[in-house]
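Below are the chains, spelled out letter by letter.
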Amino acid sequence: MPITKGQLNLAGWLSIANALFAIPSIAMSWFLEAIEGSGAKLSQALLTVVGLGLFVYIISSLKKLLNYRFQFHDVDIYISLLIWGNVILATVSLLSLGSKRFEWTMGILSIIAFIVFGILSIMFATRLLRLSGNLYGLLKPFCYTNIVSGICLVTVFLSPVGVIAGAVADVILGVIFFRAAEQPPALEEILSTPIE
């Protein structure tokens, strides 16, 4: 089903919110890790679930936009891998909140996840550069920002810079969604819509 103007606007606002949420949520997560108690663990769980929900909605909306407006499917596999990777990491993160045994495992998994997500971000962005359109004038800025974010995540020690670059990419993506919402659907998108 094609993406509607309302869905595009919602994805745009959520993408901007995700950018604003990214840096404080990491700082808050580090702060909450140092605090004992069920309130801190509940807050960490809430941050994890909200972050996952935002990511899944935004990246799924991007996939719909690319599939229906541009008939571009070359990054579908990377989007699926990013979604499943985030779901698995969030699940392990939630499990680690309930058990001390998982805390050490979570630390190792976080490092591995930075590297894997960095590589996936680079592959996603380089493949997206093959898009025949210019993604409302923001294809190169969006892709290059994702590549920078991916490189920083792969190095692990530059991951804070990667998070900032990721937040910038989210802002750019929000603008892409807003611009897409203002554009009428292409004829191919209209013709591919099933009649109900």
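Residues numbered from 1 in each chain as written. Predicted model: local features only at pLDDT ≥ 70, side-chain atom pairs only at ≥ 80, totals over all residues. Heavy atoms only, no water.

**Some remarks on the side chain of R69**
Along the chain, the position of R69 falls in helix α2 (residues 38-69). A relative accessible area of 10% places R69 in the buried class. Side-chain polar atoms of R69 contact the side chain of Y136, separated by 3.3 Å. Separated by 3.5 Å, the side chain of R69 and the backbone oxygen of Q183 make a polar contact. (Helix = DSSP H or I, 4+ residues; strand = E, 2+ residues; numbered from the N terminus. Buried < 20%, exposed > 50% of the residue type's maximum accessible area, 1.4 Å probe, protein only. Polar contact = N/O pair within 3.5 Å; in protein donor to acceptor, adjacent residues only side chain to side chain.)

**Re the environment of L81**
You can see L81 is positioned in helix α3 (residues 76-98). The spatial distance from the C-alpha of L81 to the C-alpha of L120 is 7.9 Å, given a sequence separation of 39 residues.

**Digging into the nonpolar core**
Formed by 36 residues in total, the largest nonpolar core has its most connected members in L128, F142 and I176. Those elements giving two or more residues to this core turn out to be α1 (5-34), α2, α3, α4 (100-128), α5 (139-155) and α6 (159-182). Take this core: its biggest share by element is 7 residues, from α6. Ignoring any residue separated from it by four or fewer positions in sequence, one finds L128 in contact with L66, F72, V75, L139, F142 and C143. (Core = buried A, V, L, I, M, F, W, Y, C linked by side-chain atoms within 4.5 Å. Contact = heavy atoms within 4.5 Å.)

**Describing the confidence of the model for the protein chain**
Per-residue confidence for the protein chain gives a mean pLDDT of 85, with 85% of residues at or over 70. Per-element confidence in the protein chain ranges from a low mean pLDDT of 51 for helix α7 (residues 187-192) to a high of 95 for α5. In this model, residues 192-196 is a region of pLDDT below 50 whose contacts with residues beyond four sequence positions or in other chains number 3 contacts. (pLDDT = per-residue confidence, 0-100.)

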